[in-house]
Amino acid sequence: MVKQRLLRESIACRLALQQLPPLIYSTAEANDIDCHQTQTKILHMHISSMERLQLTTAGFPLYIQCKTFQCITVLIPREKDCQEVHAILEKYSRAMRLEDLYAFTYQPSCDAFYQVAGWALYDTQTEYLRMEFPEKHWCISLINKNYEICDTYPKCVAVPRSATTPLLVGSSKFRSHGRLPVLCYYYKHNQATIMRCSQPLSGFSAHCLEDEQLLHCIRKTNPTHSSAPLCIVDTRPAVNSAVCRVTVTGSENANIYSDFKFVFLSIENIHVMRDSLHKLVEGMKYIAQ
């Protein structure tokens, strides 16, 4: 029997446990084997945590919480079976080798699905060309072709055409993990752009001439608004940014970047956001009560 926590309903089901397919529980309405069955699949990799709860009159409950916010409680009649189910799911959801992941063992059963090299499904250069940015102001640079500048950026990045290679290299050295400002989105109707980069290694007083010049190059890519201030958006609270200066990071110095506008979105760090999401999911469990 499976009890879905968010819906607060219990359904009789058959549980299928195998290594390659996902965890499957299927139901038959009115206990009639001729009735239409519905299947719910839970990928092993989606299982976040499991907990064996206290014995109830209905059986031995096994609480499964998924990374997709789905929560189910499996009520198993015998304790030995509950222990075996827990052990099997623990094994399959915690792959010890990369080759044991479902993505490497999946075999499509339909001719419509074909196996290709996953890294060929997305081409960064093609996506950049789809933006239709003017080549007069922008270009695709292969400065990161060997991932020497930034190991988390693609091989090619879109940067202002006026930005030289020494300028880009200098800016990358001033940015955390080498994530210099690169183009993410271009709106061709008014030539507005969205760039992304990491926090600068500014500390309390450090600055980088190449980084300052690169930001000015970015502003000049929009001729109709070249005199308008460039908006630098920091998703962190201003207090967090100030504290990071102690660790030689921080944010752009407003005295040095005097021609720019600064905006803080006051989004807390990942730990606070994770706790907030956990509380939201926990609260949703009791909506139907």
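Look up a bit, the structure's there.
It should be emphasised that the depicted structure is a prediction, and the values quoted were computed from it without experimental measurement.

### Structural notes on the overall build of the chain
Tallying secondary structure elements over the chain gives seven helices and 14 strands in all. Taken across its 289 residues, the chain has 32% of its residues classed as buried. Long-range pairs, those at least 24 residues apart, make up 51% of the contacts in the chain between residues at least 6 apart in sequence. For the chain, the accessible area works out to roughly 18600 Å², and carbon and sulfur atoms hold 56% of it.

### Some details on a nonpolar patch on the surface
A cluster of nonpolar side chains, Val233, Leu265, Ile267, Ile270 and Met273, forms an exposed patch at the surface whose accessible area comes to about 430 Å². Its location among the elements puts Val233 in strand 13 (residues 230–234).

### With respect to the pattern of salt bridges
Counting across every chain of the model gives eight salt bridges. Here Glu90 and Arg94 are joined by a salt bridge, their closest N and O atoms 3.9 Å apart. According to the relative accessible area criterion, Glu90 is partly exposed, its value standing at 31%. Judged by relative accessible area, which is 33%, Arg94 ranks as partly exposed. Here the salt bridges share partners, and the residues they tie into one network are Arg175, Asp211 and Glu252.

### Re the nonpolar core
Taken as a class, soluble globular proteins show a tendency for nonpolar side chains to be buried jointly. With 27 residues, the main nonpolar core has Phe133, Leu183, Leu214 and Leu215 as its most contacted residues. Mapped onto this core, the elements with two or more residues apiece are strand 9 (138–141), strand 10 (157–160), helix 4 (165–174), strand 11 (182–187), helix 5 (209–220) and strand 13. Broken down by element, the residue count for this core peaks at four residues, all from helix 5. Once residues within four sequence positions are removed from consideration, Leu183 is found in contact with Tyr128, Met131, Phe133, Trp138, Ala158, Thr193, Ile194 and Met195.

### Section: the pairing of strand 14 (residues 260–264)
Note on strand geometry: in a regular strand, side chains alternate between the two faces of the sheet. Judged from the five bridges that link them, strand 13 and strand 14 form a sheet pairing that is parallel. Directly across from Cys231, in strand 14, lies its bridge partner Lys261. Taking the sense of rotation as the criterion, the β-α-β connection linking strand 13, helix 6 (residues 238–244) and strand 14 turns out right-handed.

### Here's the deal with the state of the cysteines
What the rule picks out here adds up to zero disulfides. With no disulfide of its own, Cys71 has Cys66 as its nearest cysteine by sulfur position, at a separation of 7.0 Å. Of the residues examined, Cys71 reaches a relative accessible area of 3% and is grouped as buried.

### Things to note about the packing of helix 4 against helix 5
Where helix 4 meets helix 5, the axes come as close as 8 Å, and the angle between the chain directions of the two elements is 115 degrees. When the axes of helix 4 and helix 5 are compared, the crossing they make is left-handed. Residues Pro166, Leu167, Leu168, Gly170, Ser171 and Phe174 of helix 4 touch helix 5, and the partners they reach there are Glu210, Asp211, Gln213, Leu214 and Cys217. Broken down by class, the residue content of the contact of helix 4 with helix 5 amounts to six nonpolar, three polar and two charged.

### What to know about helix 5
The terminal C-alpha atoms of helix 5 lie 17 Å apart, and with 12 residues this matches the ideal 16 Å at 1.5 Å per residue to within 8%. Among the residues making up helix 5, those that are buried are Asp211, Glu212, Leu214, Leu215, Cys217, Ile218 and Arg219. Against strand 10, helix 4, strand 12 (192–196), strand 13 and strand 14 lie the buried residues of helix 5.

### So, the packing of aromatic side chains
In the structure shown here, the tally under the stated rule is two aromatic pairs. Cation over ring: Arg219 sits above Phe260, and NZ or CZ is 5.7 Å from the ring centre.

### Things to note about helix 4
Spacing of three or four residues puts side chains on the same side of an α-helix, whose turn is 3.6 residues. Looking only at helix 4, the buried set comprises Leu167, Leu168, Gly170, Ser171, Ser172 and Phe174. Looking at the buried side of helix 4, the elements it contacts are strand 9, strand 10 and helix 5.

### With respect to the pairing of strand 7 (residues 60–66)
By the criterion of burial, strand 7 is predominantly enclosed, with seven of the seven residues buried. Burial of strand 7 is two-sided: the residues Phe60, Leu62, Ile64 and Cys66 facing one way and the residues Pro61, Tyr63 and Gln65 facing the other way are all buried. In the sheet, strand 6 (residues 47–52) pairs with strand 7 via five bridges, with the strands oriented antiparallel. Looking across to strand 7, one finds that Ile47 is bridged to Cys66. Where strand 7 hands over to strand 8 (residues 71–76), the hairpin turn is made up of four residues, of which Phe69 adopts a positive phi near 75 degrees.

Analysis parameters
- Residues numbered from 1 in each chain as written.
- Predicted model: local features only at pLDDT ≥ 70, side-chain atom pairs only at ≥ 80, totals over all residues.
- Heavy atoms only, no water.
- Helix = DSSP H or I, 4+ residues; strand = E, 2+ residues; numbered from the N terminus.
- Buried < 20%, exposed > 50% of the residue type's maximum accessible area, 1.4 Å probe, protein only.
- Contact = heavy atoms within 4.5 Å.
- Areas by Shrake-Rupley, 256 points an atom, 1.4 Å probe, with all protein chains shown as cover.
- Patch = residues over 30% accessible without salt bridge, like charges linked within 9 Å, V, L, I, M, F, W, Y side chains within 5 Å.
- Salt bridge = Lys/Arg side-chain N within 4 Å of Asp/Glu carboxyl O.
- Core = buried A, V, L, I, M, F, W, Y, C linked by side-chain atoms within 4.5 Å.
- Pairing = 2+ DSSP bridges.
- Right-handed = clockwise from strand over helix to strand, strands pointing away.
- Disulfide = S-S within 2.5 Å.
- Axes fitted to C-alpha atoms, helices over the stretch in contact; angles between N-to-C directions.
- Left-handed = near helix turned anticlockwise from the far one by under 90°.
- Nonpolar A, V, L, I, M, F, W, Y, C, P; charged D, E, K, R; others polar.
- Expected span 1.5 Å × (residues − 1).
- Phe/Tyr/Trp six-rings, centres within 6.5 Å; stacked < 30°, edge-to-face > 60°.
- Lys NZ or Arg CZ within 6 Å of the ring centre and 35° of its normal.

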